[in-house]
Amino acid sequence: GSFSHVSFGTDTGLPTRGGLVPAGIPLDRRFNTAFDFLRGEAYDARVEYAYTPEPWLDVTARVGASKNPYSYKAAEMLATDAAPSARTGTVTREWFFLEHDWNTLYSQVEVAARGTVIVPQRALLGYELGNLASGHPRANLSDAGLAPVPFAASADPQGDYPVTIDKRRERWQQTHGVYLHDTLTLLPALKASLSGRLDHWSYEERNFAVDPATGAAQGDPSVASRSTTVATFRAGLVLQPVPWGTLYAAGGTGFRPVRVVSQDDRTFAPERGRQLEVGLRLEALEGKANLNVAAYGIEKTDVVVSRGGGVFEQAGGQSSRGVEVDATLRDLGGFSLRAGYAYTAARFDAFVTDAEDFTGKRPANVPDHQLSLWGTYRTRYGVGFGAGYRAVGLAFADPSNTVRMPPYSLVDAAVFYAFPHAELGVNVSNLLGVERYFLSSINDTQVTPGAPRTVLVTLRISS
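The model shown is predicted, which means the values in this text are computed figures rather than measured ones.

(A) Summary view of the packing of aromatic side chains. Summed over all chains, the structure comprises eight aromatic pairs. Note on F348 and F351: the rings are 4.6 Å apart at their centroids and 65° apart in plane angle, and the pair reads as edge-to-face. The two residues F348 and F351 agree in class, both being buried. Taking NZ or CZ as reference, K73 lies 4.3 Å from the ring centre of Y161, over its face. Taking NZ or CZ as reference, R281 lies 4.8 Å from the ring centre of Y248, over its face.

Here it is as structure tokens:
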């Protein structure tokens, strides 16, 4: 069992104009009001029982339940009419409210068996049942304007603003899933895996008006329901012709029910996808050096995109092709190295919404290149040093690709000293103090700046 509680003020980033953050907006500027908040709790409990009636047979049963109330009120829709070069100007704001209470119940039974039927096999048969019930009070957003504020930090003229709840959404979802997986040893150096799954998903959504004063329902609710039965599969081959080298290939299909809360009363079909991956794994120096290379292709249909302010659209397909490489070198004369590189070519395919055609554009917040390097050297006297480099390529803040998040690179460093039962370390992120780089976006036009130089002192004690 577990419990968690979060409560903090919000920060929805910086507005852009002409695809850029105006020069006069400080990167540490926060445009949220003093009355904005995010509060949430999570209650989780799970029971698991495992039984082995025979050496070759295992039975496992799990039951879990969770409750997750969440409430959010914040100035979200930031905008400015100032030119990107402007040193002064104002930012307009609109508030957004979101509240929900998720309640889930999950159960699973699995039977695993090992044996030989023509070839050695490990088989697994399972069943899952998932239930979700949720309630969503919804605010009247017809008058969501807030007092504008200047670029520079100053006293906020905006007082607390009321949230009028005049609608409510209730949702019920149930999923039954039956799946079978088998791993077969075809040859000493060749293994195959096959998986199949059948899911039945049902969903009902009810929307109705409520009295803002009492919360009582008014009039007849609008009801939307849908259900679908989907079969998915996975298959793979692993070839290890030599102890130090492995080749593999895998493919599969999948689907994901869409549970977003849209303010414009839309219900969405499940997203569907398929993936193919091939890869190579190499090992050398008695396991101290490893190299992994993988190439993949992913295609999704019925993709949902956020348009900000609680509005979502489901309009078409999305694909991604890429290559990922990672290498490690461990404890070679006190020296260790980790390196990774990823190239991602992500695109919208035949993707037309009510407002725009995204076909050929790149999805938001997906950089084309990512590179990371980190090396450490430990002396025999307990002193150690570390240095690293991170580079992220071009990304866009919006699916229209009008707001750019330019490429950036950062240098990190560390120094540490090992005692007999403790280690003291000083880590510096963004050692060179790079400033104008952006990590993510919200509502198509707002971007989140990355952290400045950060120093972290750590003390680790071990027995």
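(B) Molecular detail of the side chain of S319. Mapped onto the secondary structure, S319 falls in strand β14 (residues 311-332). Residue classification places S319 among the buried residues on the basis of a relative accessible area of 11%. In terms of polar contacts, S319 uses its side chain to reach the side chain of D349, at 2.8 Å. Setting aside residues up to four positions removed in sequence, S319 forms contacts with I298, E299, A345, A346, R347 and D349.

(C) Representation of unusual backbone geometry within the structure. Positive phi values are uncommon outside glycine, yet E286 reaches one of about 55°. Mapped onto the fold, E286 is located in the loop between β12 (271-284) and β13 (289-308). A positive phi angle, close to 50°, is found at D331, a residue other than glycine. With respect to the element layout, D331 can be found in strand β14.

Quick notes on the rules
- Residues numbered from 1 in each chain as written.
- Predicted model: local features only at pLDDT ≥ 70, side-chain atom pairs only at ≥ 80, totals over all residues.
- Heavy atoms only, no water.
- Phe/Tyr/Trp six-rings, centres within 6.5 Å; stacked < 30°, edge-to-face > 60°.
- Buried < 20%, exposed > 50% of the residue type's maximum accessible area, 1.4 Å probe, protein only.
- Lys NZ or Arg CZ within 6 Å of the ring centre and 35° of its normal.
- Helix = DSSP H or I, 4+ residues; strand = E, 2+ residues; numbered from the N terminus.
- Polar contact = N/O pair within 3.5 Å; in protein donor to acceptor, adjacent residues only side chain to side chain.
- Contact = heavy atoms within 4.5 Å.

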